[in-house]
Amino acid sequence: MKNLQSYKEKIKQFNNIKELLTIFDSFNNYAQKLENSYEQLLNRVKEIDQKMAYTNECLNKKVHELDNLTRFLNSVLGSMHSSVVAVDTEGKIVTFNNLAGKTLGVDSETVLGKDIRTVLGSIGGFVDLLLEALSKRKNVKNMERIIEIDDREIKHIESSISVLKDENGTITGAVEIFHDLSEICELKGRLNSANDLISVGTMAASIAHEIRNPLNGIEGFACLLERDLEGDSLRLVKHIIKGTKNINKIVTDLLFVARPIKLNMRRYELSKIIDKALLFAYQELGQKGSRDIQVVNDYDNCDDFVLCDPDRLQQAFLNIMLNAIQSMPRGGQIKIFTKKNNNHNIPKIQIGFVDTGNGINDSTIEKIFEPFFTTKDDGTGLGLAIVRKIIELHEGSINIVSEFKKGTEIIVNLPADQYTTLSASRETSFLNKVMA
Ligand SMILES: Nc1ncnc2c1ncn2[C@@H]1O[C@H](COP(=O)(O)OP(=O)(O)O)[C@@H](O)[C@H]1O
Ligand SMILES: [Mg+2]
């Protein structure tokens, strides 16, 4: 009985072991399966890793391509001969090329992302057209207009505006492409006045000789009479002599405007030229008894030298000063300043003459450089024509801002010495240059 019992016990143990072995077996199977799955998983991870590396590489390439494209686009925008400004729908600047910065006098690096009204709002007549095109969703083609930079510089520009849309046709902003036509307009104006000068020149050359000969005779005889006469007759003869001198001056001025001029170029101190012109202007002041005119000088002595014909420049400055003095019959102030202006491609020296005289009204200001235009009873209207000719021969320019009954500011811009391209002594013929 006991044996049977122990036998049963053994059988039970044996069954347990068998069961255990079966469990081991199935455990082994699972372990094997798990190992296989793990290997598969590893392979999959490797595969995904490879795919990821490939995708990354593609992405990097794309980013690189995009970078190159952006750089290329920026360099295209930068080297364009047109100014480009683009805004998004809210008026924030998204594109602004270098030329736009130069034309409008702002730093193109700092304006991106800013509201166009804040950055360019002070430029009279500029932002409205772009914002209106954007709000009305209307393109603009080749529109010419005048803009005013800092209340001072007037520019003539031509703009085309396109409203920008994405692929779904949704408006994303607007782009304005514009050109500065100021120089072309100025050239047109100069050509017109050059035509005037050509006709004046032809006429002057033919009559100057005929006038001068008898005129010298009249003056000579009058001087002889002056010695012999007295009383009223002497007074009359003096009038004749003064009259002949005046006519002689007009003929000389006229010939100056009309004839080719040879400049005698030298390096010379600007302040000395102005001071010499002032000496002559003081004589005029003394004669007219206009002693209530105060002269204020403000010279930039660091950049005093210019390459110029000092005598001619002195003549131009004197003409400007005389006009200023004559515009202040009840006295006033004339301020003369020089300063360097680096805002241009070629640095300039500015010479400014600011008076507190009668000023010039809007309808007159366009004509003041025309030969013979004068508003004075005893004027010849040749002073400013001579000024302009002299300044242009020096490759400079002249700007006038005037307020009627308040005063006039005349600014002469000359190329700064080191950049002046004129040779030391050069035959210059304005008329020949224009007629070529
Ligand atoms: N500083 C000034 N202030 C007011 N008017 C001026 C000034 N400069 C020039 N003008 C105007 O320009 C005109 C032409 O000047 P200009 O050619 O020198 O001839 P003129 O002095 O003989 O009249 C003047 O008659 C005057 O009306
Ligand atoms: Mg004058």
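Predicted model only: the values in this text are computed from it and were never measured.

1. Quick notes on the overall build of the chain
Check the secondary structure of the chain and you find eleven helices and 14 strands. Compactness check: the chain gives a C-alpha radius of gyration of 42 Å against a globular reference of 22 Å for 436 residues, more than 25% above the reference. On the principal axes, the C-alpha backbone points of the chain span a range of 190 × 45 × 45 Å. Per-residue burial for the chain yields a buried fraction of 23% across its 436 residues. Considering only intrachain contacts with a sequence separation of at least 6, the fraction spanning at least 24 residues in the chain is 61%.

2. Brief notes about the packing of helix 6 (residues 231-258) against helix 10 (residues 383-393)
Packing of helix 6 against helix 10 brings their axes to within 9 Å, and their N-to-C directions diverge by 35 degrees. Two packed elements cross with a definite hand, and for helix 6 against helix 10 that hand is left-handed. Where helix 6 approaches helix 10, its residues Asp253, Phe256 and Val257 are matched on the opposing element by Ala385, Ile386 and Lys389. Its residues assigned to classes, the contact of helix 6 with helix 10 comprises four nonpolar, no polar and two charged.

3. Some details on the sheet that holds strand 12 (residues 397-403)
Spatially, 8-10-11-13-12 is the arrangement adopted by the five strands of the open sheet, whose pairing is mixed. The open sheet has two edge strands with one neighbour each: strand 8 (293-298) and strand 12. Each neighbouring strand pair of the sheet contributes to a mean axis angle of 15 degrees, computed without reference to strand direction. Bridging between strand 10 (residues 332-341) and strand 11 (residues 348-355) involves eight bridges; their strand directions are antiparallel. Bridge pairing in strand 11 places Phe337 opposite Gly352. Helix 8 (residues 310-326) rests against strand 8, strand 10, strand 11 and strand 13 (407-415) of the sheet, and its axis sits at about 20 degrees to strand 11.

4. Overview of the site of ligand 1
Near ligand 1 you find 23 residues, and of these Asn323, Ser327, Thr374, Gly379 and Gly383 are the closest. The set of elements that each furnish at least two residues to the shell around ligand 1 consists of helix 8 and helix 10. In the shell around ligand 1, the residues fall into seven nonpolar, 14 polar and two charged.

5. Looking at the sheet that holds strand 3 (residues 140-149)
Read across the sheet, five strands follow the order 2-1-5-4-3 without closing on themselves; strand pairing throughout is antiparallel. Edge strands, defined here as strands with exactly one partner in the open sheet, are strand 2 (93-96) and strand 3. The average angle at which neighbouring strand axes cross in this sheet is 25 degrees, direction not considered. One ladder, built from six bridges, connects strand 1 (residues 83-88) with strand 5 (residues 171-180); its direction is antiparallel. Residue pairing in the sheet places Val87 in a bridge with Ala174 of strand 5. Lying on the sheet, helix 4 (residues 127-136) is in contact with strand 1, strand 3, strand 4 (153-165) and strand 5; it crosses strand 4 at an angle near 20 degrees.

6. Some points on helix 6
Between the first and last C-alpha of helix 6 there are 41 Å, a value that for 28 residues agrees with the 40 Å anticipated at 1.5 Å per step. Every buried residue of helix 6 is listed here: Val237, Thr244, Leu254, Val257 and Ala258.

7. Overview of unusual backbone geometry
A positive phi is found at Phe372, a non-glycine position, where the angle reads about 75 degrees. For Phe372, the location among the structural elements is in the loop between helix 9 (362-365) and helix 10. Within the chain, Lys405 stands out as a residue other than glycine whose phi angle is a positive 70 degrees. Along the chain, Lys405 falls in the loop between strand 12 and strand 13.

8. A word on helix 4
Buried residues of helix 4: Val127, Leu130, Ala133 and Leu134, and no others. The buried residues of helix 4 occupy one face: seen down the axis, they fall within an arc of 140 degrees. Facing away from the buried surface of helix 4 by more than 90 degrees, the exposed residues are Asp128 and Lys136. Looking at the buried side of helix 4, the elements it contacts are strand 1, helix 3 (116-120), strand 3, strand 4 and strand 5.

Rules behind the numbers
- Residues numbered from 1 in each chain as written.
- Chains lettered and ligands numbered in written order.
- Predicted model: local features only at pLDDT ≥ 70, side-chain atom pairs only at ≥ 80, totals over all residues.
- Helix = DSSP H or I, 4+ residues; strand = E, 2+ residues; numbered from the N terminus.
- Rg over C-alpha atoms; globule rule 2.2 N^0.38 Å.
- Buried ≥ 20, exposed ≤ 12 C-beta atoms within 10 Å, placed from the backbone.
- Contact = placed C-beta atoms within 7 Å.
- Axes fitted to C-alpha atoms, helices over the stretch in contact; angles between N-to-C directions.
- Left-handed = near helix turned anticlockwise from the far one by under 90°.
- Nonpolar A, V, L, I, M, F, W, Y, C, P; charged D, E, K, R; others polar.
- Pairing = 2+ DSSP bridges.
- Near = placed C-beta within 6 Å.
- Expected span 1.5 Å × (residues − 1).
- Arc of directions from axis to C-beta.

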